[in-house]
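Summary of structural features
The lines below spell out each chain.
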Amino acid sequence: MSSHTPADTFPRQYARTRRYTVGAPRSFSVAPDGSRVVFLRAPEGGGRSNLLWTLDTATGEERIAADPAALLGGGEEDLSPAEKARRERSRESSAGIVGYALDGTGALAAFALSGRLFTADLATGATAELPARGPLLDPRPAPDGAHVAYANTAGELRLTRTDGSGDRVLAEPDGPNVTWGQAEFIAQEEMDRDRGFWWSPESDRLLVERADDSPVRRWWIADPANPDREPAEVAYPAAGTADAEVGLWVLDLHGGRTEVVWDRAAFPYLGRVHWSTGGVPLLLVQSRDQRRQRILGLDVATGATEVLHEEEDGVWLELFPGVPAWTPDGKLVRIADQDGVRALLVGDQAVTGADLHIGSVLAVTADEVFFSASGGATETDPEPGWIAVGRISHDGKRLGWESANGRPFTSVTSAVHGGGITVRATAEPDLPGTLVRVSRDLPEGVAVDDVATIASYAETPVITARPVFRFAGERRIPAAVFLPTGYDRERDGLLPVLMDPYGGPHGRRVVQAHNPHLNSQWFADQGFAVVVADGRGTPGRGPAWEKSIAFDFAGATLDDQVEALRALADEFPLDLGRVAIRGWSYGGYLAALAVLRRPDVFHAAVSGAPVTDWTLYDTHYTERYLGHPAERPEVYAANSLTGYAAGLERPLMIIHGLADDNVVAAHTLRLSSALLAAGRPHTVLPLSGVTHMTPQEEVAENLLLLQVDFVKRSLGI
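The text that follows walks through the structure, step by step, so that each part is easy to find. What you see is a predicted model, and the numbers here were worked out from it, not measured in a lab. (Residues numbered from 1 in each chain as written. Predicted model: local features only at pLDDT ≥ 70, side-chain atom pairs only at ≥ 80, totals over all residues. Heavy atoms only, no water.)

Once that is clear, we can look at the overall build of the protein. Each helix and strand counted, the protein has 13 helices and 44 strands in total. In terms of overall dimensions, the protein is globule-like: its C-alpha atoms have a radius of gyration of 25 Å, near the 27 Å expected for 717 residues. With the C-alpha coordinates of the protein rotated into their principal frame, the extents come out at 70 × 55 × 55 Å. Here the protein holds 717 residues, and 57% of them are scored as buried. Of the contacts made within the protein by residues no fewer than 6 positions apart, 61% connect residues no fewer than 24 positions apart. Carbon and sulfur atoms make up 49% of the accessible area of the protein, which amounts to about 26900 Å² in all. (Helix = DSSP H or I, 4+ residues; strand = E, 2+ residues; numbered from the N terminus. Rg over C-alpha atoms; globule rule 2.2 N^0.38 Å. Buried < 20%, exposed > 50% of the residue type's maximum accessible area, 1.4 Å probe, protein only. Contact = heavy atoms within 4.5 Å. Areas by Shrake-Rupley, 256 points an atom, 1.4 Å probe, with all protein chains shown as cover.)

Shown next, in the form of structure tokens:
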């Protein structure tokens with residue numbers, strides 16, 4: 001890791017290093033023969049621009065495969081609005097090469113820079129710019145390496161030869177709001193699917209998404225600080241309104257085109273596409289209410305589909321990374337909630353049990369499945385928040401398991417497997433950053449034969465996080481507590497409390513790691529006892545835990561923050577007469593909800609980018625948890641904040657980026673209007689030109705300082 005600048009304060013370093021991600025290796029791939037690992041990392045000693053690197057698994061030698069500065073001649077990147085929006089969807093804040101794709105041998109990488117198309121020969125180190133009509137998005141080589149397909153901002157899907165001899169269109173928009181080869185907004189934002197086309201294993205055709213967002217309601221996001229600028233038009237599918245119309249087509253390289261047919265009226269959401277060697281393509285499609293989904297097998301010659309498996313759930317069905325998939329001998333691999341357990345299934349057999357909560361499938365080999373999983377729901381787990389990589393045979397008889405360095409409590413932050421090689425990035429509570437280990441599979445158990453460690457150039461934080469992990473209360477709520485550095489109970493007594501949750505779906509905060517807790521530790525060092533609690537609805541504890549919030553954000557998630565606070569006060573020096581709460585996004589909603597609904601417990605709140613009116617948030621997320629607003633208007637009223645405005649008794653600061661196109665600023669403006677109408681004082685901090693991610697260094701740094709100042713004044717500190 002790199003050393004920090006002596007003059008750095010934590011807020012400045014935290015903002016400048018993009019939360020200590022700059023210089024950390026990421027986006028790993030393994031060549032199918034296991035000969036090399038490919039990854040992204042900024043160079044040592046400066047800059048946040050990612051380079052493309054390779055690691056030779058035989059020697060452990062690292063080599064730069066592509067340097068953006070050299071390819072662009074030292075010029076600055078020029079990002080199209082579409083690329084900026086795509087990065088916003090994926091929460092991407094770095095620069096340079098932010099994504100790449102490999103051919104079938106893992107020897108050729110394709111990537112975009114400033115909307116232009118580049119390739120790197122990973123064997124020779126040669127790079128080239130290919131002819132392309134940009135600005136382009138998501139270039140991907142064919143498995144045989146002869147072509148690269150890409151989408152562009154004109155809505156086309158195009159094909160260029162890797163020998164530089166030609167570029168041509170495969171599909172072009174047949175309407176003003178049609179795109180080919182691009183994942184629609186909902187897929188990117190809520191389904192964790194950012195791809196819109198998939199090569200066949202034989203390189204002779206592609207599966208391509210066609211999306212038409214003409215039915216989607218248009219919103220206009222203006223910059224009030226610059227009234228001369230034209231507002232940005234955003235197609236935003238708010239809850240209860242129309243989604244984009246999404247279809248799938250088989251395109252061959254010679255202009256042939258076949259539409260894929262399924263019951264799109266009943267299953268409009270295209271959640272997953274999988275096309276592996278030796279197996280028919282798999283599609284996973286969902287009903288709009290997400291209580292039914294089908295896994296379909298596709299006949300690429302006719303476009304016809306066959307239902308291979310259908311699931312129903314009375315609450316909702318989740319989408320998982322890496323599934324559905326085939327084993328080489330034709331068994332379906334999937335993750336499903338059954339008998340109260342989130343299990344891994346091979347064929348019809350569940351191969352994992354109640355002690356594990358499966359998160360994703362990393363790879364499927366001839367004999368085994370590699371997966372990630374967590375625990376913490378049973379009495380046998382003394383601490384919450386661990387995540388590890390497992391390996392199990394198709395019949396479930398042999399299970400390999402490993403945490404970092406053999407330690408029982410750790411978090412695997414990312415992992416990939418291929419060619420008999422596993423790459424895992426692990427984090428531990430008492431060590432800054434992550435450790436990336438490249439390991440070779442052994443016949444028994446998970447890989448422990450280390451090949452190499454990939455160096456991190458991320459800066460070392462100027463502070464040290466000291467989380468204390470607990471299961472809090474009767475519900476065993478996962479929690480982490482932070483006290484000021486050097487705190488002495490006899491000398492310092494009880495401390496004012498700052499609750500620091502996310503507290504909602506897909507947002508796990510209590511993890512066995514160091515860097516994710518630095519923000520909370522810094523707030524603690526300002527004189528607070530900080531509590532992070534993952535109540536019902538957060539991932540990692542089992543289906544019942546996650547689904548207990550159905551139709552009830554405002555009740556379950558807030559109740560668990562109160563229970564965790566009171567339970568932890570029995571052990572830690574928490575002054576329950578001085579309790580503040582802060583959060584962003586869902587955490588911002590929860591913070592505002594806390595002072596509106598429970599002023600007897602919470603005495604001040606900082607609410608960042610909160611959803612205040614759930615009818616303004618998107619379809620796939622909101623309707624999964626609260627239902628359709630036309631069918632359950634009372635649920636939306638009970639879970640939105642504007643109806644509670646008259647109950648505000650405590651200091652409330654609301655922060656919102658005016659350029660946010662995920663949680664639009666209308667959320668804050670509507671709550672502020674309701675508070676004003678009720679005569680309730682409050683503070684609104686608008687951030688001109690800031691999106692949901694708040695990537696600007698000065699803004700990110702000063703927001704931390706302003707929050708501390710507001711909370712201290714509000715609690716009389």
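Moving on to the sheet that holds strand β37 (residues 468-472). Taking strand neighbours across the sheet as the criterion, the 8 strands line up as β37-β38-β40-β39-β41-β42-β43-β44 in an open arrangement whose pairing is mixed. Every other strand in the sheet has two partners, leaving β37 and β44 (683-687) as the edge strands with one partner each. Neighbouring strand axes in the sheet, compared pairwise and without regard to direction, differ in orientation by 20 degrees on average. In the sheet, strand β41 (residues 574-584) pairs with strand β42 (residues 604-608) via 5 bridges, with the strands oriented parallel. Looking at β42, one finds that R582 is bridged to V606. Contacts from helix α6 (residues 518-525) reach β38 (477-482), β39 (495-499), β40 (529-533) and β41, with the element oriented near 150 degrees to β40. (Pairing = 2+ DSSP bridges. Axes fitted to C-alpha atoms, helices over the stretch in contact; angles between N-to-C directions.)

A few words now on empty space enclosed by the protein. Inspection of the entire model under this criterion finds 3 cavities of 30 Å³ or more. Space inside the largest cavity adds up to approximately 70 Å³. As for the largest cavity, its lining consists of R272, L284, Q293, I295, E311, E318, L319, F320, V323, P324, R334 and I335. The residue makeup of the lining of the largest cavity, split by class, is 7 nonpolar, 1 polar and 4 charged. Around the second largest cavity, the lining is made up of 13 residues, and of these P384, G385, P478, R508 and R541 lie nearest the centre. In terms of residue class, the lining of the second largest cavity is made up of 5 nonpolar, 5 polar and 3 charged. (1 Å grid on protein atoms, 1.4 Å probe; cavity = no way out; pocket = protein on both sides within 12 Å on 5 of 7 lines; lining within 4 Å. Points joined across faces, edges and corners; volume = space filled by probe spheres on them. Nonpolar A, V, L, I, M, F, W, Y, C, P; charged D, E, K, R; others polar.)

Okay, the sheet that holds strand β12 (residues 157-161) next. In spatial order, the strands read β10-β11-β12-β13; together these 4 strands make up an open sheet with antiparallel pairing. Strands at the two margins of the open sheet, each flanked by one partner only, are β10 (136-141) and β13 (167-171). Taken pair by pair, the neighbouring strands of this sheet meet at an average axis angle of 25 degrees, ignoring direction. For strand β11 (residues 147-152) and β12, the ladder comprises 5 bridges, and the chain directions are antiparallel. Bridged to A149 within β12 is L159.

Turning next to the environment of A529. Of note, A529 is situated in strand β40. The spacing of A529 and F482 is 47 residues in sequence and 5.7 Å in space, taken between C-alpha atoms. Beyond its immediate sequence surroundings of up to four residues, A529 is in contact with F482, L483, L495, P496, V497, L498, P573 and L574.

A few words now on the pattern of salt bridges. Under the counting rule described, the total for this entry stands at 38 salt bridges. A salt bridge links R470 to E571, with the nearest nitrogen and oxygen atoms 2.7 Å apart. On the criterion of sequence distance, the pair formed by R470 in strand β37 and E571 in the loop between α8 (553-568) and β41 is long-range, its members being 101 residues apart. Under the relative-accessibility criterion, R470 is labelled partly exposed at 29%. For R582, the salt bridge is made with D500, and the minimal N-O distance between the two is 2.6 Å. Of the two residues, R582 is situated in strand β41 and D500 in the loop between β39 and α6; the sequence distance between them amounts to 82 residues. When its relative accessible area of 10% is taken as the criterion, R582 is described as buried. D500 gets classed as buried once you look at its relative accessible area, which sits at 2%. The structure contains a network of salt bridges with shared partners spanning D313, D337, R342, E546 and K547. (Salt bridge = Lys/Arg side-chain N within 4 Å of Asp/Glu carboxyl O.)

So, on to the packing of aromatic side chains. Applying the stated criterion across every chain yields a total of 25 aromatic pairs. When the centroid spacing of 4.4 Å and the interplanar angle of 10 degrees are considered together, the rings of W219 and Y236 count as stacked. With W219 in strand β17 (residues 218-221) and Y236 in the loop between β18 (232-235) and β19 (245-252), the pair connects residues that are 17 residues apart, well separated along the chain. Summarising the burial analysis for this pair, W219 and Y236 share the class buried. Look at Y621 and Y625: their rings are 4.9 Å apart centre to centre, the planes differ by 75 degrees, and that puts the pair in the edge-to-face class. Placement of both Y621 and Y625 in helix α10 (residues 619-626) is noted, with a separation of 4 residues, approximately one turn of the helix. Judged by relative accessible area, Y625 falls into the buried class, the value being 0%. What links up through ring pairs into an aromatic cluster is the set W316, Y502, F553, Y586, Y589, W614, Y617, Y621 and Y625. (Phe/Tyr/Trp six-rings, centres within 6.5 Å; stacked < 30°, edge-to-face > 60°.)

Omega for the peptide link from G134 to P135 comes to 0 degrees, which places this bond in the cis form. Turning to its location among the elements, P135 is positioned in the loop between β9 (127-130) and β10. Cis geometry marks the peptide bond from V323 to P324, where omega comes out at 5 degrees. Mapping P324 onto the fold places it in the loop between β24 (305-312) and β25 (325-326). One non-glycine residue, S203, lies in positive phi territory at about 70 degrees.

Within the secondary structure layout, V307 lies in strand β24. On the basis of relative accessible area, V307 is assigned to the partly exposed category, the value being 41%. Residues V307 and L282, spaced 25 residues apart in sequence, show a C-alpha to C-alpha distance of 9.9 Å. Ignoring anything within four residues of it in the chain, the contact list for V307 reads R294, I295 and L296.

Glancing now at the nonpolar core. In terms of nonpolar packing, the biggest core is built from 77 residues, with F553, L574, F602 and W614 touching the most fellow members. With 9 residues, the top contributor of residues to this core is helix α9 (residues 586-597). For L574, the residues in contact, after removing those within four places along its chain, are L494, L495, V497, A529, V531, L565, L568 and A569. Of all hydrophobic cores here, the second largest spans 30 residues; its members include I463, A604, V690 and L703. (Core = buried A, V, L, I, M, F, W, Y, C linked by side-chain atoms within 4.5 Å.)

A separate point is the side chain of T422. Following the sequence through the fold, T422 ends up in strand β34 (residues 421-428). What makes T422 buried here is its relative accessible area of 1%.

The next point concerns the packing of α8 against α9. Between α8 and α9, whose axes approach to 10 Å, the crossing angle comes to 80 degrees. Classified by the interaxial angle, the pair formed by α8 and α9 is roughly perpendicular. Counted together, F553, A554, T557, L558 and Q561 of α8 and Y586, Y589, L590, L593, A594 and R597 of α9 form the full contact between these two elements. Counted by class, the contact of α8 with α9 contains 8 nonpolar, 2 polar and 1 charged residues. (Parallel < 35°, antiparallel > 145°, perpendicular 65-115°, else oblique.)

Everything listed is a geometric property; what it means functionally is a separate question.
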